[in-house]
Amino acid sequence: TCGICVEKCPFDAIEIINLPSELDEEPVHRYGDNAFSLYGLPTPKPGNVTGILGPNGIGKSTAVHALAGEMVPNLGDYESEGDWERVLDRFRGTGLQNYLQSLKEGDVTVARKPQYVDQIPNQFDGNTRELLERTDERGALDSLIDRLNIRPVMDQPIDSISGGELQRVAIAACLARDADFYFLDEITPYLDIGQRMIVARLIRELADDDAAERSMLVVEHDLAILDLLADTLHVAYGEPGAYGVVTDPKSVRNGINEYLKGYLDNENMRIRPSAITFEEHAPRVSSRSETLIEYPELSKSYGDGEFELHVEGGEINRSEVLGVVGPNGIGKSTLAKLFAGSLEPDEGELDFALDIAYKPQYIDIDQPMRVDVFLSSITDDFGSSYWNTEIAQPLQLDRVMEQNLSDLSGGERQRVAIAACLSEDADLYLLDEPSAHLDVEQRVRATTAIRRYAENHDATVMVIDHDIYMIDLLADRLMVFDGEPAERGHATPPQEMRDGMNEFLADLDITFRRDERTGRPRINKPGSQLDSSQKRDGEYYYSG
Ligand code: ADP
Ligand code: ADP
Ligand code: MG
């Protein structure tokens, strides 16, 4: 081992240069003997949106719990109760002193949006209206309900609404409060790009209300949103599950770029042996190949025509990766279920005899079964060197193999579900939102694993996702949904990447450029010179 990691190096590399000096001190919090330890805390600032960027399992939620006053940090002494007086002593003279002082005296009001919105229905029995009612402290609830498009689900029981609806309800419940400090632990899971932009704008507006002096703290993996939203950024690094260090604040651009580079400039610290790189490539052009599926025009409606989906007829080619994009509530998962055979179309017939492997959007694998037992029940290849190289390693499964499915975090569950889907022997692999809950590095690794799997096995894959970069890297062609969410949806036949991206982003009125240094896609400021010229040229994503 290189001395940093508690166990073996997760990167198979011993290139880590220097130990963070923080590790000589006692942590801010330690969960137990040999358990996760957190070093450093982010600094909320009035009038600012402060971002936190870091891998899963590095202590971001732990830091949020501490600053939200839900847990008193124990300064490493996990056998005794935490004590705010001691915490205050530790942070005297830092930017956190005033905040911790007020927190200790009960002088600050805090609103927090929890990370796992899926758990809200276990804690709340009632409908959306009842949940939101008690949060309306600023008289802003009505407007939040409209802007977040929550009105249609106001009278629905909380345990019956979708993940994207739950996420928006949870965000509204947090932002409706009248607080000094708002903590938003991941805002984008299950939201489409348009909804992400609206949430970013709402958070920005609260911070920009000068009279109120509000501080906003946002944990987020979507770099494009963080980029638009935050004023300053703390990077969190370390070894997931073992320890995490929160840096001093950086400018957003530097923070993101240093994080991706794997090297923190001010700290003079390597946090990863290699950079996370973003590949810029010309839009893929599909090559003619054999047709796997030819499907006719399809339609499907729910209930009394409350929602109607129309799918234009088309073809899916053998060994292509087909990307699927569109807003939420437009019928993407419905189409996946039609192809998977778990739903029957009202019109049109799907009578292909194909084996389909399907990873649904909401992963329901809450069995009390170990991950290794579960995966070995799916494939005989489990544990073979080929399976390890192609599936287990890129999806970083070694550390979760012995855990129970029901104990996994959101990101861990997602990676196991992707592995389970790709491990099946199928003609068509359907992946519904594989990026949800994954951190930046996990997304890049999962994307590479899926693409490589498709290429090595001549597999045909359909990927529904809101992560535009993931779709660009994965897909050979694109299917675009439009319509009116929750009312009617329309799907185009698979089209060339460039045309599809332009059609999709024109509908959203968003253009992307590439960051000069890292190549990562960035959303252009609406009305900026680039935004206008790209729109004029009709090039919303690809340049040149
Ligand atoms: P992040 O938000 O960055 O994903 P978390 O703060 O949720 O990370 O968790 C950091 C680490 O602390 C994880 O390994 C997690 O399993 C562990 N952890 C979180 N809460 C507890 C707890 N109550 N007791 C013991 N370990 C915990
Ligand atoms: P997407 O995947 O694009 O978010 P979905 O296919 O999940 O969209 O849903 C499209 C619309 O159909 C939504 O308004 C959703 O609430 C509704 N819907 C989905 N499943 C059902 C169902 N079983 N019964 C009634 N309405 C449904
Ligand atoms: Mg977290």
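Scroll up for the structure.
The following paragraphs examine the structure supplied in this document. (Residues numbered from 1 in each chain as written. Chains lettered and ligands numbered in written order. Predicted model: local features only at pLDDT ≥ 70, side-chain atom pairs only at ≥ 80, totals over all residues. Heavy atoms only, no water.)

## Here's the deal with the overall build of the chain
A count of helices and strands for the chain gives 18 helices and 24 strands. In terms of overall size, the chain behaves like a compact globule, its C-alpha atoms giving a radius of gyration of 24 Å where 544 residues would be expected to give roughly 24 Å. Projecting the C-alpha coordinates of the chain onto the three principal axes gives extents of approximately 70 × 55 × 50 Å. Taken over 544 residues, the chain has a buried fraction of 56%. Of the accessible surface of the chain, which amounts to about 23200 Å², a share of 43% is contributed by carbon and sulfur atoms. Mean positive and mean negative side-chain charge positions of the chain (52 and 100 charges, respectively) differ by 5 Å. (Helix = DSSP H or I, 4+ residues; strand = E, 2+ residues; numbered from the N terminus. Rg over C-alpha atoms; globule rule 2.2 N^0.38 Å. Buried < 20%, exposed > 50% of the residue type's maximum accessible area, 1.4 Å probe, protein only. Areas by Shrake-Rupley, 256 points an atom, 1.4 Å probe, with all protein chains shown as cover. Lys, Arg positive; Asp, Glu negative; His and termini not counted. Charge placed at Lys NZ, Arg CZ, Asp CG, Glu CD.)

## Some details on the site of ligand 2
Taken together, the neighbourhood of ligand 2 is formed by Y302, F307, P327, N328, G329, I330, G331, K332, S333, T334 and A486. One of the backbone nitrogen or oxygen atoms of S333 is found 2.7 Å away from an oxygen atom of ligand 2. Protein coverage of the free-state accessible area of ligand 2, which is 570 Å², stands at 65%. Counting residues per element, the shell around ligand 2 draws most heavily on helix α11 (residues 332-340), at three residues. In terms of residue class, the shell around ligand 2 is built from five nonpolar, five polar and one charged. (Near = heavy atom within 4 Å. Polar contact = N/O pair within 3.5 Å; in protein donor to acceptor, adjacent residues only side chain to side chain. Nonpolar A, V, L, I, M, F, W, Y, C, P; charged D, E, K, R; others polar.)

## Overview of the packing of helix α2 (residues 84-91) against helix α3 (residues 97-104)
Two numbers describe how α2 lies on α3: the axes approach to 9 Å, and their chain directions differ by 170 degrees. Our classification of the angle between α2 and α3 gives roughly antiparallel. Contact residues: α2 offers W84, E85, V87, L88 and F91, while α3 offers Q97, L100, Q101, L103 and K104. Partitioned by chemical class, the residues of the contact of α2 with α3 number six nonpolar, two polar and two charged. (Axes fitted to C-alpha atoms, helices over the stretch in contact; angles between N-to-C directions. Parallel < 35°, antiparallel > 145°, perpendicular 65-115°, else oblique. Contact = heavy atoms within 4.5 Å.)

## Thoughts on the coordination of the magnesium ion (ligand 3)
Within the protein, the magnesium ion (ligand 3) binds to S61 (OG) and Q115 (OE1); these donor distances fall in the range 2.1 to 2.2 Å. With S61 in helix α1 (residues 60-67) and Q115 in the loop between β4 (110-113) and α4 (120-123), this residue pair connects regions lying 54 residues apart in the sequence. You can call Q115 buried: its relative accessible area is 12%. (Donors = N, O, S within 2.8 Å, 3.2 Å for Na, K, Ca; no water.)

## Some thoughts on the packing of aromatic side chains
Enumeration according to the criterion identifies ten aromatic pairs in this entry. Measuring from ring centre to ring centre gives 6.5 Å for Y31 and F36, while their planes differ by 40 degrees; the resulting arrangement is tilted. A relative accessible area of 46% means that Y31 is categorised as partly exposed. On the basis of relative accessibility, which here comes to 11%, the residue F36 falls in the buried class. A centroid spacing of 4.9 Å and a plane angle of 50 degrees characterise the contact between F382 and W387, whose relative ring orientation is tilted. For F382, a relative accessible area of 26% corresponds to the partly exposed category. We classify W387 as buried; its relative accessible area is 1%. One aromatic cluster is present, formed by F512, Y541 and Y542 through successive ring pairs. (Phe/Tyr/Trp six-rings, centres within 6.5 Å; stacked < 30°, edge-to-face > 60°.)

## Side note on the pairing of strand β13 (residues 298-302)
Of the strand pairs in this sheet, β13 and strand β14 (residues 307-311) are connected by five bridges, and their pairing is antiparallel. Note that in β14 the partner of Y302 across the bridge is F307. Between β13 and the antiparallel strand that follows it, β14, lie four residues; G303 among them carries a positive phi value of about 55 degrees. (Pairing = 2+ DSSP bridges.)

## Considerations on the site of ligand 1
The environment of ligand 1 is made up of Y31, F36, P55, N56, G57, I58, G59, K60, S61, T62 and G241. Between ligand 1 and the protein, one listed contact pairs an oxygen atom with a backbone N or O atom of G59 at 3.0 Å. T62 is positioned with one of its side-chain polar atoms (N or O) 2.5 Å from an oxygen atom of ligand 1. In isolation ligand 1 exposes 570 Å². Once the protein is present, 60% of that is buried. Its residues assigned to classes, the shell around ligand 1 comprises four nonpolar, six polar and one charged.

## Points about the packing of helix α14 (residues 410-423) against helix α15 (residues 440-457)
Contact geometry for α14 and α15: axes closest at 12 Å, N-to-C directions at 0 degrees. Accordingly, the angle class assigned to the pair α14 and α15 is roughly parallel. Here α14 contributes R415, I418 and L422 to the contact with α15, which in turn contributes Q442, A446, I450 and Y453. For the contact of α14 with α15, the per-class residue count stands at five nonpolar, one polar and one charged.

## Observations regarding the environment of L405
Within the secondary structure, L405 is located in the loop between α13 (385-392) and α14. In sequence terms L405 and M369 are 36 residues apart; their C-alpha atoms lie 5.8 Å from each other. Each residue touching L405, except ones within four places of it in the same chain, is listed here: I365, Q367, M369, V371, F374, R413 and V416.

## Topic: α2
For α2, the full list of buried residues reads W84, V87, L88 and F91. All buried residues of α2 fall inside an arc of 100 degrees around its axis, so they share one side. For α2, the elements touching its buried residues are α1 and α3. For α2, the capping residue at the N-terminal end is D83, with a side-chain oxygen 2.9 Å from the backbone nitrogen of E85. Residue G93 follows α2 closely and has a positive phi angle near 85 degrees. (Arc of directions from axis to C-beta.)

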